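# A closer look at the structure
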Amino acid sequence: MPSAQPTCAARVIRSKFVQSGWGATLSKETNDMVSRVKPDAEGMYQLQIARDRPISATTLRSALFWEHRHLIQQSIVSTPAVDDELELELFSEYPEQIQSRAGFEHIKKQRTPESIKMHPIFKPIRDREFTLWNVRVDGVWVTLFFRVEPKPMQILGDSQVFDREVTRLAIIDSLPKDQDVRRKLLEARLPAVLGEGCIYLPPTSIGGFEIEETTHEWSTGHVAYAASREIFRRLKVLLHRRQSQPHDASIDFLWSKFEENHDVDAYRQLIMAACANRTIENTNYNVRIALEVPSEKSNHVPSALQHVRLDPEIVPDELYTKIHYTTRNVVIPLPNGHTPTSIDEIVAREQSEDSDSEMSDADDSEPESPAAKPKQKSPVLEKPATEDDVDFEELLAAEAMDDDIPEPAKQSSNEFIQLKRTLSIEESDSDQPSKKQKIEEETPTKSSTQTPLTPGREQKEDVTEFAVIDSIEHDSSSPDTYEPTLGDEMKSDDLE
C-alpha cells in the first residue's frame, strides 16, 4: 500500500487509545491476512447497510462459528454449513424424485464390498452428540437441532446401512406463513439427507420447538441466530451440570420453549459483534475494531439502521457524577404532625419493642408438664390450700412407706391419719359445720410458738404467698402463712 494517506470515505473516531497509523506501509503478509478474513469482515459490513436486510449465509455461519468456538467442550455439538448452491438444492422445493438431483449426488455415499465412504459433512454429525444446523427453505431460515446416538449396524438392501440414529429432532421455524409446507418438506428431505451419512431418522423423533413468531421473512435469519445462541447457552449449562453432577444431568431442558420477545435490532448488533470478533481471532488479533464516521461518499443511510423501540417509555441511563453530589431531588412526604426523632431514640424504641415481644412470647409459651418439673424441697402452690385440697387417700397410701421415711416425717404422717379418722363423719346438709370447723373443734389446739427449722435456701425467701397445707397443725396468727417443716416437705413430694 502507498505510504501517503489514502482517500477514504470515513474517518476513525480519534482517541488516545487508538493510533491511526495511516502513514505506515502494510507488509505483504498483512495484506494476505486481510484477504483471508475478507469474507468474515463482509459478513459484519452487510449488517450495517439496513436493519431489514436479510441475513446472508456468510454472516450467519460466521457468527455461529464464533459462538461455537467459545464452548468449554466444542466437541459436544456439530454446526455444519454448506454453500448457497448446495443448500438451495437440498432444502428447496423441487420435483418428487429428489435422490436424482445434483445436490444428492454431491453428498451421496459410496459403497464398496469392504466399507462405505461418506461426505465429510457427516463425520462431525456422526461423532458428536448434538447437531445445530441452520438452513434456508425457500428463503426462510429454519433451525434444526437434533441428537444422534450410536446403534447396532442395520443393513437394508443394497444401499441402506445405518449405525447411527436420531433420537430427538426439533424444527425451529418462527414464520407462520407456509410453516406447514416447510415442515412437510423437511420431514421428507431430512431422512434422505441423513441417510447418506448412515444416520437413521425415525418419523417419531421429529418434534417442534416453541418460539415466538416473527412477521417478516427478512427477520427469520435474526431469529435463527437468537435461537441458536440460546441453544449454545443451554449446552453450556448442560456441560456445567455434567461436571458437577454427572449422574443426574437431564437434557430435556434443551428442547424447552424459547421464552423471549424478539428484538431483531438487538439480534443484528449481536451478530455484528460475533462476526467482528471472529475476524479478529482469525487474524491472531492483528486486526481490531474501529468506529468510523462515514462521509457522503460512503452512501451511508443512518435512517435505515434506526431500531424500532419495543418499549415506548424511554428510561434514561443511570449515571451519577460530581454534579449530583449536592443534588437532592428525590423527595418523600412525611405525615402531618411528625416530630423529628434522633437515631438514638429510634434504636432505643426498637430495642424496647423487641424486649416487649420477647416477654409476650414467654407469657404465651405453654407451661411445663408436671412430669418434667423437678420436685421441690419446699411446697410452693399458686393459691392457698384448704382441707378439701388434702388427699387423704394418698396419705394412707404413704403409710406403707413408713420404713423409708425419717422419724419426724412419720409423726407428721400419723397425725394426718388421725385427722382422716376424725373426719370420717358423713357430710350433712349445708347448714352443718364445714370440715374445717369440725377439725378445729375436734383437734387440740397447739401452741402458736414453734421452734423454726434451720434456715435454708428455701426458708430465706418470702413465704407470704405460700399456701397453707395444714392450718390445723399451725395455729399461727395468719391463716395464709406458715413455716414448712420436714413433714410438710414429704407431703409436698407425695402430692406431686
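Residues numbered from 1 in each chain as written. Predicted model: local features only at pLDDT ≥ 70, side-chain atom pairs only at ≥ 80, totals over all residues. Heavy atoms only, no water.

This part covers the overall build of the protein chain. Counting its secondary structure elements, the protein chain contains 14 helices and 10 strands. Relative to its full complement of 496 residues, the protein chain shows a buried share of 34%. Taking contacts inside the protein chain between residues at least 6 apart in sequence as the whole, the part at least 24 apart equals 69%. Summing over all exposed atoms, the protein chain offers an accessible surface of approximately 32900 Å²; the carbon and sulfur share of this is 51%. (Helix = DSSP H or I, 4+ residues; strand = E, 2+ residues; numbered from the N terminus. Buried < 20%, exposed > 50% of the residue type's maximum accessible area, 1.4 Å probe, protein only. Contact = heavy atoms within 4.5 Å. Areas by Shrake-Rupley, 256 points an atom, 1.4 Å probe, with all protein chains shown as cover.)

So, about a nonpolar patch on the surface. A cluster of nonpolar residues, Val 12, Phe 17 and Val 18, forms a patch on the protein surface that exposes about 280 Å² of accessible area. Exposure remark for Val 12: the relative accessible area of 35% places this residue in the partly exposed category. (Patch = residues over 30% accessible without salt bridge, like charges linked within 9 Å, V, L, I, M, F, W, Y side chains within 5 Å. Salt bridge = Lys/Arg side-chain N within 4 Å of Asp/Glu carboxyl O.)

On to the packing of helix H3 (residues 57-69) against helix H9 (residues 264-282), then. Two elements in contact, H3 and H9, have axes whose closest approach is 8 Å; the angle formed by their N-to-C orientations is 70°. The angle between H3 and H9 places the two elements in the roughly perpendicular class. Where H3 crosses over H9, the handedness of that crossing is left-handed. Contact residues: Thr 59, Ser 62, Ala 63, Phe 65, Trp 66 and Arg 69 in H3; Ile 271, Ala 274, Cys 275, Asn 277, Arg 278, Glu 281 and Asn 282 in H9. The residue inventory of the contact of H3 with H9, partitioned by class, reads six nonpolar, four polar and three charged. (Axes fitted to C-alpha atoms, helices over the stretch in contact; angles between N-to-C directions. Parallel < 35°, antiparallel > 145°, perpendicular 65-115°, else oblique. Left-handed = near helix turned anticlockwise from the far one by under 90°. Nonpolar A, V, L, I, M, F, W, Y, C, P; charged D, E, K, R; others polar.)

So, about the pattern of salt bridges. Overall, the coordinates contain 19 salt bridges when judged by the stated rule. Arg 147 serves as the salt-bridge partner of Glu 129, at 2.9 Å between the closest nitrogen and oxygen. Placement of the pair is Glu 129 in the loop between helix H6 (122-127) and strand E5 (130-137) and Arg 147 in strand E6 (residues 140-156), with a sequence separation of 18 residues. Grouping residues by exposure puts Glu 129 and Arg 147 together as buried. The partner of Asp 173 in a salt bridge is Arg 182, and the shortest N-O contact between them spans 2.7 Å. On the basis of relative accessibility, which here comes to 10%, the residue Asp 173 falls in the buried class. For Arg 182, a relative accessible area of 5% translates into the label buried. Salt bridges here are not isolated pairs; linked through shared partners, they connect Glu 129, Arg 147, Glu 149 and Arg 242.

Here we come to the environment of Ser 15. Mapped onto the elements of the fold, Ser 15 is located in the loop between strand E1 (10-12) and helix H1 (28-36). There is a polar contact of 3.2 Å between the side chain of Ser 15 and the backbone nitrogen of Phe 17. (Polar contact = N/O pair within 3.5 Å; in protein donor to acceptor, adjacent residues only side chain to side chain.)

We now examine the confidence of the model for the protein chain. Scored by pLDDT, the protein chain has a mean of 77; 67% of the residues are at 70 or more. For residues 1-5, every residue scores under 50 in pLDDT, and the model assigns this stretch eight contacts once sequence neighbours within four places are set aside. Note that pLDDT drops below 50 for residues 378-383; the model gives that stretch 12 contacts with residues more than four away or on any other chain. (pLDDT = per-residue confidence, 0-100.)

Moving on, we get to the environment of Cys 198. With respect to the helices, strands and loops of the structure, Cys 198 is situated in the loop between helix H7 (179-195) and strand E8 (199-200). As for Cys 198 and Lys 109, which are separated by 89 residues in sequence, their C-alpha atoms are 8.8 Å apart. Beyond its immediate sequence surroundings of up to four residues, Cys 198 is in contact with Lys 109, Ile 116, Met 118, Arg 126, Val 161, Phe 162, Asp 163 and Arg 164.

With that settled, consider the nonpolar core. Counting 40 residues, the largest nonpolar core has Ile 76, Val 77, Phe 130 and Leu 254 as the members making the most contacts within it. At the level of elements, H3, E5, E6, strand E7 (160-172), helix H8 (220-244) and H9 are the ones that each hand at least two residues to this core. At 10 residues, H8 tops the list of elements feeding residues into this core. Non-local contacts of Phe 130, meaning those with residues more than four positions away in its chain, are made with Ile 76, Val 77, Ser 78, Phe 145, Phe 146, Arg 147, Leu 235, Leu 238, Ile 251, Leu 254 and Trp 255. In terms of nonpolar packing, the next biggest core, distinct from the first, is built from 30 residues, Val 137, Leu 144, Leu 190 and Leu 194 among them. (Core = buried A, V, L, I, M, F, W, Y, C linked by side-chain atoms within 4.5 Å.)

Next up on the list: the pairing of E5. The element E5 is extensively covered by neighbouring structure, given that seven of its eight residues are classed as buried. Bridge count for E5 against E6 is eight bridges, and the pairing is antiparallel. Residue pairing for E6: Val 135 is matched across the bridge by Val 142. Connecting E5 to the antiparallel partner E6 that follows it, the hairpin turn spans two residues, and Asp 138 within it adopts a positive phi of roughly 55°. (Pairing = 2+ DSSP bridges.)

On inspection of all chains with the given rule, the structure shows five aromatic pairs. Centre to centre, the rings of Phe 91 and Trp 133 are 5.6 Å apart; their planes meet at 90°, and the pair counts as edge-to-face. Taken together, the positions of Phe 91 in helix H4 (residues 84-91) and Trp 133 in strand E5 put the pair 42 residues apart, joining distant regions of the chain. Phe 91 gets classed as buried once you look at its relative accessible area, which sits at 0%. Arranged with centres 5.3 Å apart and planes meeting at 35°, the rings of Phe 145 and Trp 255 form a pair that is tilted. Of the two residues, Phe 145 sits in strand E6 while Trp 255 sits in the loop between H8 and H9, which places them 110 residues apart along the sequence. For Phe 145, a relative accessible area of 0% translates into the label buried. Taken together, Phe 130, Phe 145 and Trp 255 form an aromatic cluster joined through their ring pairs. In this structure, Arg 241 is placed above the aromatic ring of Phe 253, and the distance from its NZ or CZ to the ring centre is 4.6 Å. (Phe/Tyr/Trp six-rings, centres within 6.5 Å; stacked < 30°, edge-to-face > 60°. Lys NZ or Arg CZ within 6 Å of the ring centre and 35° of its normal.)

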